[in-house]
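Here is what each chain is made of, one letter per residue.
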Amino acid sequence: MAIMERGNAHGEARGQPSATSAGASAATSPVTDQADDRETRPGGGRTYGDLLGDPQIRRWLERALLGVAVGAFVAFFFGLQLGVTAALLVVVADVVRRARTSSSIAAWQKSSAAERRTEKQLKGLERNGYRVLHARAVPMDDEGVSDGRIDHLVIGPSGVYAIDSEKWDKRLPVRTLSHRKLFHGPFNKKDRLDEARWEAEQASRIIGAQVGFEVPVQASVAIYGPAIPWKVMRVRDVDVYAGNRARGYLRRRPKILTATDVERIYQAAEKSLPPNYPD
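A short tour of the structure in this document, coming up. (Residues numbered from 1 in each chain as written. Predicted model: local features only at pLDDT ≥ 70, side-chain atom pairs only at ≥ 80, totals over all residues. Heavy atoms only, no water.)

## Focus on the pairing of strand 4 (residues 174–177)
Remark: a regular strand shows side chains that alternate across the two faces of the sheet.
And then number 1: Of the pairings in the sheet, the one linking strand 4 to strand 5 (residues 181–184) comprises four bridges and is antiparallel in character. By the bridge assignment, Arg175 is partnered in strand 5 with Phe183.
And then number 2: In this structure, the hairpin formed by strand 4 and strand 5 is closed by a connection of three residues, where Ser178 is found at a positive phi of approximately 55°. (Pairing = 2+ DSSP bridges. Helix = DSSP H or I, 4+ residues; strand = E, 2+ residues; numbered from the N terminus.)

## What about a positive patch on the surface?
And then number 1: A grouping of Lys120, Arg127, Lys231, Arg245, Arg247, Arg251 and Arg252 is seen on the molecular surface, where their side chains present a positively charged patch.
And then number 2: Along the polypeptide, Lys120 turns up in helix 7 (residues 113–123). (Patch = residues over 30% accessible without salt bridge, like charges linked within 9 Å, V, L, I, M, F, W, Y side chains within 5 Å. Areas by Shrake-Rupley, 256 points an atom, 1.4 Å probe, with all protein chains shown as cover. Salt bridge = Lys/Arg side-chain N within 4 Å of Asp/Glu carboxyl O. Lys, Arg positive; Asp, Glu negative; His and termini not counted. Charge placed at Lys NZ, Arg CZ, Asp CG, Glu CD.)

## With respect to the sheet that holds strand 3 (residues 159–167)
And then number 1: Within the open sheet, the six strands sit side by side as 1-2-3-7-9-8. Their pairing is mixed. With partners counted over all chains shown, the strands left at the sheet margins are strand 1 (131–137) and strand 8 (233–235), one partner each. Across the sheet, the axes of successive neighbouring strands diverge by a mean angle of 30°, strand direction being ignored.
And then number 2: Sheet topology note: the strand 8/strand 9 (residues 238–242) ladder contains three bridges and is antiparallel. Its bridge partner lying in strand 9, Val235 is registered against Val238.
And then number 3: Together, strand 1, strand 2 (149–156), strand 3 and strand 7 (217–224) form the strand contacts of helix 7, whose direction differs from that of strand 2 by roughly 10°. (Axes fitted to C-alpha atoms, helices over the stretch in contact; angles between N-to-C directions. Contact = heavy atoms within 4.5 Å.)

## Here's the deal with the nonpolar core
And then number 1: Counting residues in each nonpolar core, the largest one holds 35 residues, and the members touching the most others are Leu153, Leu182, Ile207 and Leu273.
And then number 2: Those elements that provide at least two residues to this core are strand 2, strand 3, helix 8 (190–211), strand 7, strand 8, strand 9 and helix 10 (259–272).
And then number 3: The biggest single contributor to this core is helix 8, with seven residues.
And then number 4: Among all residues touching Leu182, those that are not within four sequence positions of it are Trp168, Val174, Arg175, Thr176, Phe187, Asn188, Lys189, Lys190, Leu193, Trp230, Val235 and Val240.
And then number 5: Core analysis: the next-biggest nonpolar cluster, separate from the first, contains 14 residues, Leu122, Leu125, Val154 and Tyr161 among them. (Core = buried A, V, L, I, M, F, W, Y, C linked by side-chain atoms within 4.5 Å. Buried < 20%, exposed > 50% of the residue type's maximum accessible area, 1.4 Å probe, protein only.)

## Topic: helix 8
The α-helix advances 3.6 residues per turn, and as a result positions three or four apart in sequence lie on the same side.
And then number 1: Over its 22 residues, helix 8 extends 32 Å from the first C-alpha to the last, a length consistent with the 32 Å expected when each residue adds 1.5 Å.
And then number 2: Immediately downstream of helix 8, the backbone of Gly212 shows phi near 90°, a positive value. (Expected span 1.5 Å × (residues − 1).)

## Comments concerning the pattern of salt bridges
And then number 1: In total, this model carries 13 salt bridges according to the counting rule given.
And then number 2: With a closest N to O distance of 2.4 Å, Glu115 and Arg149 form a salt bridge. You can see Glu115 sitting in helix 7 and its partner Arg149 sitting in strand 2, a full 34 residues away along the chain. You'll find Glu115 and Arg149 in the same group, each marked buried.
And then number 3: In this structure, Arg192 and Asp164 form a salt bridge, with 2.8 Å as the shortest nitrogen-oxygen distance. One end of the pair, Arg192, is in helix 8; the other, Asp164, is in strand 3, with 28 residues separating them in the sequence.
And then number 4: Note on Asp164: relative accessible area 2%, which makes it buried.
And then number 5: When salt bridges that share partners are traced, they join Asp164, Glu166, Arg192 and Glu195 into one network.

Right, here's the structure in full:
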């Protein structure tokens, strides 16, 4: 899911003037005047309008104003010390709330709540050598069972995984039958398992062709909502587990890939499996 900024078709960096335009500008406008103009603007060349248009800066201004308002209200009735404390708590609470609900990928903002919860868990694995791509496109099957998208493709020391995040009705129990059938209440989830397995197989085939060796991809489904009466159960070759176990599911497996393998597979997956973000 790394988003790499590329130059234009002529090899020039995006946002940089061409040699021709730069020469023309130098001929008509003194360099010292341009430097002086930049120094008069806050933020190294950015106007106040630019700063206010920055979503991050605007968010902090909103936090500050909200904190001041709450702090003033509390200070009026309970004293200055409690007012300052209340203002700080408001700012901290908003920072925490935004961190829990926001995504690191702009195009992934419309992901489901289940997908966002899994994304949050997977972020914590990056320090352990895992790389993650979200919402990656794979070919659809002839029967139309698959929607042609893997929610989370994880590459790490313990292998490669295609994880689909599901939010199911918590009122209906989840059970299996002989490791071949998965039921959510009265509903047979065979199609859902077949979809996950198909998508993992397609990812394995495409990435393997890119790197030149076999890359097994394990299909799995992370379920949120109903209680899952097991840690990890393999049903129809698909690992099934409670959504809050996603990180542990990956970390507890034996290491089979080196850091070089992980990076090579990650680069191949990023190149050969294009993003397919929610509309």
